[in-house]
2 protein chains.
Amino acid sequence: MIQSVDRALHILDLLKNNPRGLGVTEISKSLDVAKSTAHRLLMSLERYGYVQKFGKDAIYRLGLKFIEMNQVVVENLNVVEIARPYLEKLSADTGEIVHLVMLDGYEIVYIDKVDNNSTIRIYSQIGRRAQLHCTGVGKAILAHFDKSNITRFIENNDFRSYTPNTIVDGQALLSELEKIRIDGISFDNEEHEPGIQCVAAPIKDHRNHVQYAISVTGPLTRMTKEKLETCIPKLRETAQNISRQLGHFL
Amino acid sequence: MIQSVDRALHILDLLKNNPRGLGVTEISKSLDVAKSTAHRLLMSLERYGYVQKFGKDAIYRLGLKFIEMNQVVVENLNVVEIARPYLEKLSADTGEIVHLVMLDGYEIVYIDKVDNNSTIRIYSQIGRRAQLHCTGVGKAILAHFDKSNITRFIENNDFRSYTPNTIVDGQALLSELEKIRIDGISFDNEEHEPGIQCVAAPIKDHRNHVQYAISVTGPLTRMTKEKLETCIPKLRETAQNISRQLGHFL
DNA sequence: AAAGCGGTTCCATAATACGGAACAATGTAA
DNA sequence: TTACATTGTTCCGTATTATGGAACCGCTTT
């Protein structure tokens, strides 16, 4: 909207695509502006460290300021806050309870919960902990561990059974996780509480790591096949949107 | 130099110092410009993802573009290339040979060497490997391992002796490393080759990790006490400058 | 209901960024 | 060696373009 700012930021994109650097002339041609203009823009960018001049042939590259800025951005990425509006929408669209959980050690912690008919934060289950093997969200996160960590986790744990459906066999869990990783979606078919079913999806961060997951939870009676059919795409999309907001670009 | 670009980049600095976000009015006051101007600048920044608007109260924060840009910058950080001019200067100032080494596994590899009287790259020693305990650069890097990694390294290795001065005793090495970490400088007093002495300093990257080190090397006859007195500050400064160029801000 | 306080939009003005030309520095070809 | 080509940098008059102010809109408070 502001010509000169637009052009300056355009230069940064240009340099992003040419990380080895570009000269003033090349840049001016790409932007279709006079050399002097490109030069002036580069001076401004250089002053702030967004661009760095190399060698006596004056090749310009992206500067170190980006590293500095990145740290601030990443430090202030707050999942709960970012996820909130998406979770509210998901809950409203599905009419079910939506959870956000986070990995802590080898357990998950519920860090947010949205009920379908209120935007007030309900602290009822927030802070509750659960194991990885018996919840949709837990399995969604576990499925994205390193292969070696998964086997280690399975070998070193006895899995407590909560319902007849809880997966307690290591081999069964392993193949379930494999499926989950491919699908990008995991289920909880009364594995933790009888009568309660849920669908979950992982949240990926800027390093492509999975530390969070979200789920849509409902009583078995309401979670019909048709209902799930409509929930899953919405869940997928929501998880993707949140991931993107956390800097996940892949 | 370009007013509008300057102002735009100034806003980014402002938001960097207020990571929780600022409103248009606040920003316009800080920059001492009209609200409309600040608003227009923000629109341009937002278009490119450098700024993100949150909530209906229109709080602006740093955007995710920085994460994207950071990746490109970090990926293209090339130590050898960046260090070159600094190494040349250091060699010219000291009149001695300067080395750049890199950690690879539990060994170091010489990845650059600058002779005092030529700017031509000499491949004679580049690629040579050495152990960590017997060189100045090796100890400089080793000293910055995690405490647990250091003890593990010392416990699991028998240290080969190259000269009478080589440190082969675990305890002796441990206390030497402690000293090095405090000083920020390490020495090689004929520990690897008789008659050769050197001073080394670690290079730190954008994550405060030490993967590289540089050294000034010379024959014992030339490396007098007085000579070292002048070399060390230059070495320190060079190491700092290179670290900064690699995104080390601390 | 009205006032206050944010963000956003619009517009006339003149300040400001622009392009072009001249210059400097470097490398290349004759 | 000279002349030429190419690239980065500086300067300046012009008119394009960013600017500030006023008006507007939506929200909250009293």
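Residues numbered from 1 in each chain as written. Chains lettered and ligands numbered in written order. Predicted model: local features only at pLDDT ≥ 70, side-chain atom pairs only at ≥ 80, totals over all residues. Heavy atoms only, no water.

### Some details on the sheet that holds strand 3 (residues 97–104) of chain B
Residue and element names in this part refer to chain B. Inclusion rule: By this definition, two strands are paired if DSSP reports at least two bridges between them. Every helix listed is a DSSP run of H or I at least four residues long, and every strand listed is a run of E at least two residues long, numbered separately from the N terminus. Only the stretch in contact is used when fitting a helix axis, every axis being a line fitted to C-alpha atoms; angles between N-to-C directions are given from 0 to 180 degrees. Contact definition: two residues touch when any of their heavy atoms are within 4.5 Å.
Across the sheet, six strands lie side by side as 5-4-3-8-7-6; this open sheet has antiparallel pairing. Edge strands, defined here as strands with exactly one partner in the open sheet, are strand 5 (129–131) and strand 6 (186–189). Across the sheet, the mean angle from the axis of one strand to that of its neighbour is 30°, orientation sign disregarded. The pairing of strand 7 (residues 196–204) with strand 8 (residues 210–219) spans nine bridges and is antiparallel. Looking at strand 8, one finds that Lys204 is bridged to Val210. Docked against the sheet, helix 9 (residues 225–245) engages strand 6, strand 7 and strand 8, running at close to 25° with respect to strand 7.

### Overview of the domain arrangement of chain A
What counts here: Boundaries between domains were set according to an automatic or database domain assignment.
Here chain A is described as being made up of domain 1 (3–72) and domain 2 (77–245). If you average the C-alpha positions of domain 1 of chain A and of domain 2 of chain A, the two centres end up 43 Å apart.

### Details of the packing of aromatic side chains
Defined as follows: A pair of Phe, Tyr and Trp rings is counted when the ring centres sit within 6.5 Å of each other, with Trp represented by its six-membered ring. The angle between the planes then sorts it: under 30 degrees is stacked, over 60 is edge-to-face, the rest tilted. Only protein chains enter the area calculation, which uses a 1.4 Å probe; residues under 20% of their type maximum are buried, those over 50% are exposed, and those in between are partly exposed.
On inspection of all chains with the given rule, the structure shows 11 aromatic pairs over all chains. Between the aromatic rings of Phe66 of chain A and Phe66 of chain B, the centroid separation amounts to 6.0 Å while the plane-to-plane angle is 45°, which identifies the pairing as tilted. Of the two residues, Phe66 of chain A is situated in helix 4 (residues 65–75) and Phe66 of chain B in helix 4 (residues 65–75); the pairing between them involves two chains. Take Phe66 of chain B: its relative accessible area is 0%, and that puts it in the buried class. An aromatic cluster of three or more residues is present, and its members are Tyr50 and Phe66 of chain A together with Tyr50 and Phe66 of chain B.

### Describing the nonpolar core
To keep it simple, the criterion reads: Side-chain atoms within 4.5 Å are what join buried Ala, Val, Leu, Ile, Met, Phe, Trp, Tyr and Cys residues into a set we call a nonpolar core.
Formed by 56 residues in total, the largest nonpolar core has its most connected members in Leu12 and Tyr50 of chain A together with Leu12 and Tyr50 of chain B. Once residues within four sequence positions are removed from consideration, Leu12 of chain A is found in contact with Leu45, Tyr50, Val51, Leu62 and Phe66 of chain A together with Tyr50 and Met69 of chain B.

### Brief notes about the protein's contact with DNA strand D
Let me state the cut-off plainly: Being near a molecule or strand, for a residue, means having at least one of its heavy atoms within 4 Å of it. The term polar contact refers here to a pair of N or O atoms within 3.5 Å; inside protein, the definition further demands a hydrogen-donor-capable atom paired with an acceptor-capable atom, and it admits residues adjacent in sequence only when both atoms are side-chain atoms.
In the neighbourhood of DNA strand D, 22 residues make up the surrounding shell, with Gln3 and Thr25 of chain A together with Ser36, Thr37 and Arg40 of chain B lying closest. Sugar and phosphate atoms constitute 67% of the interface atoms of DNA strand D, taking the interface as everything within 4 Å of the protein. Take Thr25 of chain A: an N or O atom from its side chain is 2.2 Å from a phosphate oxygen of DNA strand D. Between DNA strand D and Ser36 of chain B there is a distance of 2.9 Å, counted from a base nitrogen to a side-chain nitrogen or oxygen.

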